Amino acid sequence: MPSIRRLVNPMSLHPTGALPPVTPKRLVKRYPPFMQRSELVRWLDELLNVHAIPDASLNGLQVEGADEVRHVAVAVDASQTAIEQAASVGADFLIVHHGLFWGGMEPITKMTGARVRLLIENNISLYAAHLPLDAHPEVGNNVGLAELLSLTDIQPFAESGGHLIGARGEFPNPMSLRDLADQIEEVLGESVLVHAGGPMEVQRIGIVTGSGSSFLHQAADLGLDALLSGEPKHDNFHVPFERGISALYAGHYMTETVGVKRLAERLEVDLGLSTEFLLLPTGL
Ligand SMILES: [Zn+2]
């Protein structure tokens, strides 16, 4: 366990006794317990096994900010608005599911340049966890959603690059597709699109959050009744109807809020850090 230093009065640490130099955003709130950035990154890398899964995303620390972390913001996307909100709530560290860098080096110009500049100007670190956060057996998007839906016998599912990144499970009692869609809407606060190609009663269901419709084939191979994912792809429209499985789409964004929220809970409980989830829905 990394050491956590708790400060009764953060001002008392300043050698002169004077107020430490702060930017106006630091005056919004103060978060006494803090942690070294390097320790937090090590802890996250280990918890998420962040470099183990082949991924287009450059997972791990993408931009280095303040040495000490007092407040952690979590969000789905590393958008300019997310970074601005992280700065406005006084976060030193922003954890996202969709980071800035995908598939190799990119010039730090235009949109990416503006986002990186905003992070650096506000001394905020950016940490990305894409597939490792989908696949994680405790804080993952898919296991998290399976637990929110009270599935039993939850197991890994959906092979990608030699790793299982989704989850599957069973409802103790079969549920009608309509009730299932209602329950998902209640849990996620997002309307659900249903392509009802499978049985009207669902018992065995696979989950791949985000853009997971291509896993309909694997779900059908396993004889599952339905697949829950985030956003549909036109390419996969006919799959449920031709393979006898139902597809339920509850939004790429909303299905992927689950993992970063669970990760934030772990940071609070295990590390004593203060955290904040930034809700910035895309409607997709
Ligand atoms: Zn995604």
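As a reminder, the structure under discussion sits directly above these lines.
Predicted model only: the values in this text are computed from it and were never measured. (Residues numbered from 1 in each chain as written. Predicted model: local features only at pLDDT ≥ 70, side-chain atom pairs only at ≥ 80, totals over all residues.)

**Q** Explain the sheet that holds strand β4 (residues 71-77) to me, using residue names and the numbers behind them.
**A** Reading across from one edge, β2-β6-β5-β4-β13 is the order of the five strands in this open sheet, with mixed pairing throughout. The sheet terminates laterally at β2 (60-63) and β13 (274-277), the two strands that pair on one side only. When the angles between neighbouring strand axes are averaged without regard to direction, this sheet yields 30°. Inspection of the sheet shows β4 paired to strand β5 (residues 93-98) by five bridges, in the parallel sense. The residue of β5 that forms the bridge with V72 is F93. Running over the sheet, helix α1 (residues 37-48) touches β2, β5 and β6 (125-128) and is turned about 5° from β6. Relative to β5, helix α2 (residues 80-88) is tilted by about 155°, and along the sheet it contacts β4 and β5. (Pairing = 2+ DSSP bridges. Helix = DSSP H or I, 4+ residues; strand = E, 2+ residues; numbered from the N terminus. Axes fitted to C-alpha atoms, helices over the stretch in contact; angles between N-to-C directions. Contact = placed C-beta atoms within 7 Å.)

**Q** Tell me about the packing of α2 against helix α3 (residues 110-121), and please be specific about residues and values.
**A** When two helices pack together, their arrangement is given by the angle between the helix axes and the distance between those axes. Relative to each other, α2 and α3 sit at 10°, their axes nearing to 10 Å. Regarding the angle of α2 to α3, the classification is roughly parallel. In this structure, α2 uses Q80, I83 and E84 to contact α3, whose residues at the interface are A114, R115, L118 and L119. Partitioning the contact of α2 with α3 into residue classes produces four nonpolar, one polar and two charged. (Parallel < 35°, antiparallel > 145°, perpendicular 65-115°, else oblique. Nonpolar A, V, L, I, M, F, W, Y, C, P; charged D, E, K, R; others polar.)

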